[in-house]
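Fold and contact review
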Amino acid sequence: MRNLVPERILNNIKVNKLSDRFDCFSMFVDISGFTKTTEALMKHGQEGAEVLSDILRYLFDTTVKAVYDHGGYVTKYAGDAFTAIFELKTGKGSVAANVLQAALITNNFFEENKIYSSRFGDFEFGVKVGIGYGECVCGIAGSDKEKTYYFSGSAVDLCAMAEHNAEKGQIWASESAFSDMREKVTEFSQSELYGLKFFRIIKASFFQTDKSGYKPEVFDKELVYTMAGKKEAEFPVGEFRDVISVFISFQGNAELSSLMETVYKLKDMYGGSHPVLDFGDKGGNILLFFGAPVSYENNSFRALSFIMRLRYSASGFDIRAGMARGIVYCGFNGSELRNEFTCLGNTV
């Protein structure tokens, strides 16, 4: 069974704990080059999809392993990026060192492996890393049959803000995170963004950390299906498909559980994918697809009907929605340690 859902979420849903708060370090990793690579490999059909699948594993295996080796876990993938959380299971200073080590390993890997050579040509990739520290809120919402999850809060926001400072090949940290890493950093620069201080980590002294030796927990597959979707979890090999991507942003003071119950009811009615829920500084957003993992002849009509019905049904929320159609890669994103079903491409 693929590791499709963070263990904290699965353990929480087992005891019906739908919300959780804790302090943690966070890391946002943004890999550039995927969109151009995906568009190029589409021209080669299924063989191109197989090459893209190999590239995804190659790039994410090292970066995700660096996270799990140093006590963290991936909360969610967003196309060519992911967010990781490092909980304070040991002293704050040692966790800070682990986060810094994971960031350095990630950055060094892309510095040494900028080019991926395939039978369809060479493809260039780069990475930007942001580190934060603060409070994390994780929650679960959905219907009786299916649910989704989210991680939000200052920790998640700050690592994303830190990454906004970065250019390719750079690591930036929020002031809240950098203060616990300062003694290991030998060269840095400073900037301000959103009225906050951020620090670029240019060089660090040599230091060692204890690898955690991650061993995944085993969960009942029906529990995983509840949180990740049965059809998504059982999707076969990656392929290129004509897919409608639907992106929804929402704001409001009504109950989130009510909105997500409506989303699940309507996605079942119109044949959409398992929705992905996320939060940022401008409110919440939901992403789902029509055409993957299951496709119908009238995917566009189904997607539009879903949006119109949701706007009518979601009382108490200001709903904005967009949809785009195009050929995308459908398959699993990430590594064996942690992956998710998704669609990748310019229209997403």
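A brief structural summary. (Residues numbered from 1 in each chain as written. Predicted model: local features only at pLDDT ≥ 70, side-chain atom pairs only at ≥ 80, totals over all residues. Heavy atoms only, no water.)

**Concerning the packing of helix H2 (residues 34-41) against helix H3 (residues 45-69)**
Think of two packed helices as two axes; the pair is described by the angle between the axes and how far apart they sit. Packing of H2 against H3 brings their axes to within 9 Å, and their N-to-C directions diverge by 155°. Relative to H3, the element H2 is oriented roughly antiparallel. Mapping the contact onto sequence places Phe34, Thr37, Thr38 and Leu41 in H2 and Gly45, Gly48, Val51, Leu52, Ile55, Leu56, Leu59 and Phe60 in H3. Across the contact of H2 with H3, the residue classes tally to eight nonpolar, four polar and no charged. (Axes fitted to C-alpha atoms, helices over the stretch in contact; angles between N-to-C directions. Helix = DSSP H or I, 4+ residues; strand = E, 2+ residues; numbered from the N terminus. Parallel < 35°, antiparallel > 145°, perpendicular 65-115°, else oblique. Contact = heavy atoms within 4.5 Å. Nonpolar A, V, L, I, M, F, W, Y, C, P; charged D, E, K, R; others polar.)

**Focus: the state of the cysteines**
In total, this model carries zero disulfides according to the counting rule given. Cysteine Cys24 remains unbridged, with the sulfur of Cys136 as its closest cysteine sulfur at 4.6 Å. Judged by its relative accessible area of 0%, Cys24 is buried. Take Cys138: it sits in no disulfide, and the sulfur closest to it among the cysteines is that of Cys136, at 6.0 Å. (Disulfide = S-S within 2.5 Å. Buried < 20%, exposed > 50% of the residue type's maximum accessible area, 1.4 Å probe, protein only.)

**Considerations on unusual backbone geometry**
The linkage connecting Ala292 with the following residue, Pro293, adopts the cis geometry, with an omega of 5°. Mapped onto the secondary structure, Pro293 falls in the loop between strand S13 (283-290) and helix H10 (299-313). Notably, Asn16 is not glycine yet its phi reads approximately 60°, a positive angle. With respect to the element layout, Asn16 can be found in the loop between helix H1 (7-14) and strand S1 (19-32). Overall, Asn16 belongs to the exposed group, its relative accessible area being 57%. You will see that Tyr194, though not glycine, has its phi angle at about 60°, which is positive. Classification of Tyr194 as partly exposed rests on a relative accessible area of 49%.

**Some thoughts on the sheet that holds strand S14 (residues 317-335)**
If you walk across this open sheet you meet the five strands as S12-S13-S11-S14-S15, and the pairing is antiparallel. In this open sheet, the two strands that pair with only one neighbour each are strand S12 (276-280) and strand S15 (338-344). Between one strand and the next, the sheet's axes are offset by a mean angle of 40°, whatever the strand orientation. Note: strand S11 (residues 239-252) against S13, seven bridges, orientation antiparallel. Residue Ile244 lies in a different strand from S13, and its bridge partner there is Phe290. Sitting on the sheet, H10 is in contact with S11, S13 and S14, with an inclination near 10° to S11. (Pairing = 2+ DSSP bridges.)

**A look at the environment of Val237**
With respect to the element layout, Val237 can be found in the loop between helix H8 (230-233) and S11. Overall, Val237 belongs to the exposed group, its relative accessible area being 59%. As for Val237 and Tyr149, which are separated by 88 residues in sequence, their C-alpha atoms are 25 Å apart.

**Some details on the pattern of salt bridges**
Enumeration over the complete set of coordinates arrives at 19 salt bridges. Lys267 is paired through a salt bridge with Glu146; the nearest N and O atoms lie 2.8 Å apart. With a gap of 121 residues between them, Lys267 in helix H9 (residues 256-270) and Glu146 in the loop between strand S6 (126-142) and strand S7 (147-152) connect regions that are remote in the sequence. The exposure class assigned to Lys267 is buried, which follows from its relative accessible area of 7%. (Salt bridge = Lys/Arg side-chain N within 4 Å of Asp/Glu carboxyl O.)

**Focus on the pairing of S1**
Counting buried positions along S1 yields ten of 14 residues, so the element is predominantly enclosed. Judged from the 14 bridges that link them, S1 and S6 form a sheet pairing that is antiparallel. Bridging across to S6, Ser32 finds its partner in Gly126. Where S1 lies against strand S3 (residues 81-87), seven bridges are found, and the strand directions are antiparallel. Pairing of Asp30 across the sheet is with Ala81, part of S3.

**What to know about the environment of Lys221**
Looking at the secondary structure, you find Lys221 in helix H7 (residues 221-228). Residue classification places Lys221 among the partly exposed positions, given a relative accessible area of 45%.

**Here we look at H9**
Helix length check: H9 (15 residues) gives 21 Å between terminal C-alpha atoms against 21 Å at 1.5 Å per residue, within 8%. For H9, every residue scored as buried is listed here: Leu256, Leu259, Met260, Thr262, Val263, Tyr264, Leu266, Lys267 and Tyr270. Following H9 by one or two positions, Gly271 adopts a phi angle in the positive range, close to 85°. (Expected span 1.5 Å × (residues − 1).)

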